[in-house]
Each structure stands twice: as structure tokens, then as C-alpha cells.
Protein chains: 2
Amino acid sequence: MLLQPSRTSLRKVSNFSLKILGTASALPTVNRNPSAQVLDVRGRLFLIDCGEGVQISLRKAGVSFLKIDNICISHIHGDHIFGIFGLLSTMGMLGRSTTLNIYAPRSFAPIMKFFFSYFGEGLKYRVEHHVLSMKSPEVVFSSKSTEMLAFPLNHRIETYGFMIREKMPMMNVRKEAISRYGLTLAEIGTLKRGEDVVRESGVISNSDVAYLPYSPRSYAYCSDTAPFPELAGWVRGVDLLYHEATFPESMADMAAKTFHSTTVQAARCALEAAAGRLLVGHYSSRFPDVSSFLHEMREIFPESYLAREGDTWEIPLVHL
Amino acid sequence: MLLQPSRTSLRKVSNFSLKILGTASALPTVNRNPSAQVLDVRGRLFLIDCGEGVQISLRKAGVSFLKIDNICISHIHGDHIFGIFGLLSTMGMLGRSTTLNIYAPRSFAPIMKFFFSYFGEGLKYRVEHHVLSMKSPEVVFSSKSTEMLAFPLNHRIETYGFMIREKMPMMNVRKEAISRYGLTLAEIGTLKRGEDVVRESGVISNSDVAYLPYSPRSYAYCSDTAPFPELAGWVRGVDLLYHEATFPESMADMAAKTFHSTTVQAARCALEAAAGRLLVGHYSSRFPDVSSFLHEMREIFPESYLAREGDTWEIPLVHL
């Protein structure tokens, strides 16, 4: 079961957008870099996977390296991490001094040890490796407004997915209810936290007098993975689901053998999860043109889209 | 003193061209990748330095990965080697089985050990690390037609330059001389090797009856380095000299401090070496526009040029 998010009192809400930096699988192509994305949640940047060339893609996207405090590494395959060495070096040369948090499996530790042994000279910042080892979703990052959960995927080696979401906002109390019921400050606080007000004269139901000011937004990243039963439940209701679709359905055997997913498997996950939108990537280099992937997915889940290098996906704020 | 090249009997001569893949120094920019180049000598490819993203640049340049049997690594700074991990992985996925020769300092050994420990699974080819440790030019590669020398540079850490050149061709003997002197096959062989024919009746001077069919071509790569007295002698007469020019002359102090060169220092080296052309790169990220670099160099060495990503420099064959 998915953990329930805690509430935030932050009222100022801004952007929630995903920038695609790489859509290739193991073999990059002329037009596709290895896996990398950057999610901007209200100005806080989460870099998700670090395929080779990520620092150059970040520059092209105009992303400030120094605003990245959190990096998520799904697993220790080269196409997801070979960009981290250059990025960490460049952050050092740019004068970074604040701690960099990296959420990665235990097997990431020797990679970092290697890097700091041979290329760490002069780096003035610390890397904190948050070791992922959970069997079901766990909160691994939490700020006033945002939280990130990590959960296991089903790949050839230990691999994790991530869900980053805004916390539930405090409820707004309808103005006319304040005067109608003569609500005290304490009672308003109770309602804002989503609870009912219990008086001797009776109960004032939260749903009658309070409302969510906006719908908290969410994004989930699931790559690389073969399908497995729990995943849809873990990302249920997510606004934007990135799910790998390395192969078309005709290559389901190859997908199974390599612990990857097909278009149809990704679309079924999105459907079962009741995701807002499905975005796929991590395309096999066998397919320079993946437009047929879209057709296969939309037969199952109409709100399916193809990730492309350089595209930005905004999740708009919906006021309720 | 520069070693004298041995002679080749190869008569079919084809291209000798350099493709620029990266011109950045430590900090890559939107338009500049870290150091990497590929030299094509008669279809044999030498990859020189492996900055991050090199495998993608190679693809964009249409270079076949499997034709690369020799990789030169000047030194173990990240901007010269972080691309090697992805390249070696991709070579494996493309089914490489032949040995890959890497010419690199001793400090490259633990880098390779790390790579093969964590990412070597399934690789079907061997890497032979040719350890560079010379104090003056030494031949490190030799084929029938081509040879490569390595020599030390003057950087903050152990660093090497490379010169790749065609071997001297066998001399051609003038047809009219064969009949005039009644040359035997043995005497023709002597003349082809560049020697004089000694008869009891006197000496037939090689220079009177034989000539070089073409001028052997050469390329030298000198990055990263501060100037030092021996370098010009070691690359004397090279057709194309790549020499770093990280900084303009106004930043000579910074160049000295970081063991790099300025435009003027690179041009002086080319002048002293009597190089055919000078090509500079490894530009500091402080200078998005390096056109002023050209002006500074050409005042000293008119045949100076700026390396730019994607450019190809052909060294034409000159028949004599």
C-alpha cells in the first residue's frame, strides 16, 4: 500500500516540471543520450539518473548545477551512471560547498569510493549516499512542501524507482463557515489539518466547511524494470508516470529475458495505476523511430506519450 | 632528438585525417565537449583522449567503434578520460572480440581495474594497457606503414603527448638510371632502401638516381602542457601540430599556475618546430568566443588555426 503523504502549509506554489535529458537504453544513438532527467519541484531540482553526457545536457537545458541538491540513481548500470563522474567534478570546479545527497543502492558505494580516490582532489563538498534497500515504498526525502519515496523495481540487478510529490496542502476553511459557526482560531486550525471539529453541541464535518486549495502534484520514475504486480499500486494516482518501454510488444520475449518492459506492459501499468499521463522512454537502439510505440500504448492507455530529448513536461497546478 | 622513422614499402596511400570531437578544457560548455579526437591513418583509427560523451560524438561523426584498435590517453584528468567507460561498455555490447590497445600512464591501471570490476561483465575482449613512462620520444606502436611515438609533457600530473606518422616510403629509382647504369635487382634494392650503390668503378649516389615518391605525413598531439624547451625539437617538422592553448596571452600567469599554455606559447612552439600547421584547442570556458586567440597566434605563426567540434583536418599526400 502506498504511504499517505503528510500535509504542507506552504501556500506559494510554483512549477512542477520534468525535463527529459536522455531516452536511450544501453546503446546511445546519434539522437538519444543515456538515461537522465531533471524534475523541478518549486525550484528544487531532482536529477534522476546520470547517463554519460548529463552535465552537457544540463548545460544545454540551462539548468544550474548548483541548484541540484538531490540525485537519484536507479541502478548501477553504465547507461544510468557514467555521467556522474563529470558532473561531480564540474560541481567541484564551480565551487560547490553544500552537501550533495545521492539516493542509490548499496552497490553505488564503491563507485563513489573510486571517484573520490582518483578524482576527488580539491572537491570542497560532501556527498551523502542515502542507501536504498527497501522492499516497498519508503520516504527517503522530505521537505516542508515535497517528499520523495523510493521503491524496488524488477530488473537484472538491484534497481529502484522514485516518486516525488507535493505534500498535501493544509485545508482552506470557507469564509462563510467561520461566521456561521463562530469558529475559534483553534477550531480553524483543526479544520486546516483536515480534522472535524467536535463540539458538545455536535460535530462540524471537515468536508462541509473546508476544501483542498489545490491538488498536490506527483511524478514517478520507473526504469529499468520488468512488470510486477505491486508497481501499479505503489504509483496509484500519480499525475505523470515515466515507465520504461524498451521494446514494442512484438519483442516481449526479449523484454522478459532482459528484465525490461514493452509498450503494452507500460500502458497496462499506467491504466491499472490510474495515472494521469504515461511517458515512456529507454528505447532500444533497434528503433530509431518509435512512433509505432505510441500506437500500441494508446490502444490501452490513451494518455500515453513518448519522451524525447529536450522536452519539458509541466504538471499544471489544479485549484480545487 | 627525434627518432628517425623507419621505411615502409607500402605503395597504396590513402587518407590521413583528424576529426575534432572535443575542444573544451576542464569545464565543458554548451558548444564544447571535453577533449577527444580521432585520427584516421589509411583507415586505421587512433582515438586520442576520451572526454565524456566521446561515444556519442563518434556516432555523430559516423565513426565505426570497431575500427578503433588504439586509444591514446594523455593523462588521468577527468576531462580526458570520463568517456572511456561508456565507450568500452558499448564496444562490448557491439560484440567486440579483438584486443583494444590503450596507451596511457601507469595511473590508468586502477581506472581500468575499477571498470572491469564493476562494469566488465559480459565483455568479450581484452584491453592491453601499454604503460607510458618515457622521458623522451619512444615508439609505442608500429605497423608496416605507420608508427606512433609518445613523449612526456609538462602538466600538473604525469602527462604524455603523441606523434603519429607514416613511415618513410621506399625510394623510387628513376627509370632512365636503371638503363644508364645497368642496375642489377640487388642494386635497385639497395637504392630503394635509401643507400648508395658502391661498385669497384665508383659510387652511384642515391640522391642522383632515386627519389622519395611522397612525403610521409605526421600529426602530433600536445595537451595538456606548459611550455618546455624540448617539445619543439620532439615534434620538429610535423605537418599538423595540435597544441593546447587554454588561455590567451593576457592570462599567462594563470596558464603557468595551472601548467597550461597560452596562444603565444603554442604559436612559438609551432614556429620553433617548423610545423606545417598549428591547431589549438582545450579552450578555457571563460572564452565562449576564441576568435581573438587566432589573432594572437597568427602574429607569430601565420598557419595557426582553431580546433572546432566536428571539423575534419585532412593532411593531403604530397607526391615528390
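Anything mentioned here points back to the structure above.
Quick summary incoming for the structure in this document. (Residues numbered from 1 in each chain as written. Chains lettered and ligands numbered in written order. Predicted model: local features only at pLDDT ≥ 70, side-chain atom pairs only at ≥ 80, totals over all residues. Heavy atoms only, no water.)

Another aspect to go through is the environment of B:Leu231. Residues and elements named next belong to chain B. Topologically, Leu231 is positioned in helix α8 (residues 231-234). A sequence separation of 42 residues divides Leu231 from Ala273, and the C-alpha atoms of the two residues are 8.2 Å apart. Setting aside residues no more than four positions away along its own chain, Leu231 makes contact with Phe151, Leu153, Cys222, Thr225, His243 and Cys269. (Helix = DSSP H or I, 4+ residues; strand = E, 2+ residues; numbered from the N terminus. Contact = heavy atoms within 4.5 Å.)

Here the focus is the pattern of salt bridges. Residues and elements named next belong to chain A. In this structure the tally under the stated criterion is 18 salt bridges over all chains. The partner of Glu128 in a salt bridge is Arg126, with the nearest N and O atoms 3.1 Å apart. Judged by relative accessible area, Glu128 falls into the partly exposed class, the value being 32%. You can call Arg126 partly exposed: its relative accessible area is 47%. Through salt bridges that share partners, Arg42, Glu166 and Arg217 make up one connected network. (Salt bridge = Lys/Arg side-chain N within 4 Å of Asp/Glu carboxyl O. Buried < 20%, exposed > 50% of the residue type's maximum accessible area, 1.4 Å probe, protein only.)

Screw-axis analysis of chain B against chain A gives a translation of 0.0 Å along the axis, an RMSD of 0.1 Å, and a rotation angle of 180°. In the structure described here, the two chain copies are related by an operation that fits a two-fold rotation axis. Measuring from the rotation axis to each C-alpha of chain B, the shortest distance belongs to B:Gly53, at 2.5 Å. By residue overlap, the copies meet face to face through one surface: 100% of the interface positions of chain B are interface positions in chain A. (Least-squares fit on C-alpha atoms with pLDDT ≥ 70 in both.)

All names here are of chain B. One open sheet accounts for 7 strands, arranged β7-β6-β5-β4-β3-β2-β21; its pairing is mixed. Of all strands in the sheet, those with a lone pairing partner are β7 (127-132) and β21 (312-314), marking the two edges. Between one strand and the next, the sheet's axes are offset by a mean angle of 20°, whatever the strand orientation. Where strand β5 (residues 68-72) lies against strand β6 (residues 100-105), 3 bridges are found, and the strand directions are parallel. Looking across to β6, one finds that Cys72 is bridged to Tyr103. (Pairing = 2+ DSSP bridges. Axes fitted to C-alpha atoms, helices over the stretch in contact; angles between N-to-C directions.)

Further remarks concern the pairing of β7(B). All names here are of chain B. Summarising the sheet, β6 and β7 pair through 6 bridges and their orientation is parallel. In the sheet register, Pro105 faces β7, and the bridge partner there is Leu132. For the handedness criterion, the β-α-β arrangement of β6, helix α4 (residues 109-119) and β7 is classed as right-handed. (Right-handed = clockwise from strand over helix to strand, strands pointing away.)

Bringing the packing of aromatic side chains into the picture now. Counted according to the given criterion, the structure contains 36 aromatic pairs over all chains. Between B:Tyr221 and B:Tyr242 the ring centres are 5.2 Å apart and the planes differ by 10°, which places this aromatic pair in the stacked class. Of this pair, B:Tyr221 sits in strand β17 (residues 218-222) while B:Tyr242 sits in strand β18 (residues 240-244), and the two are 21 residues apart along the sequence. Each member of the pair B:Tyr221 and B:Tyr242 is classed as buried. Here A:Arg59 stacks its cationic end above the ring of A:Phe65, 5.1 Å away from the centre of that ring. The ring centre of A:Tyr305 lies 4.9 Å from the NZ or CZ of A:Arg298, which sits over that ring. (Phe/Tyr/Trp six-rings, centres within 6.5 Å; stacked < 30°, edge-to-face > 60°. Lys NZ or Arg CZ within 6 Å of the ring centre and 35° of its normal.)

Residues and elements named next belong to chain A. In this fold, Ala210 is placed in strand β15 (residues 210-211). Overall, Ala210 belongs to the buried group, its relative accessible area being 4%. C-alpha separation for the pair Ala210 and Leu191, spaced 19 residues apart in sequence, amounts to 6.7 Å. Ignoring sequence-local partners within four residues, the contact set of Ala210 consists of Met171, Asn172, Val173, Arg174 and Leu191.

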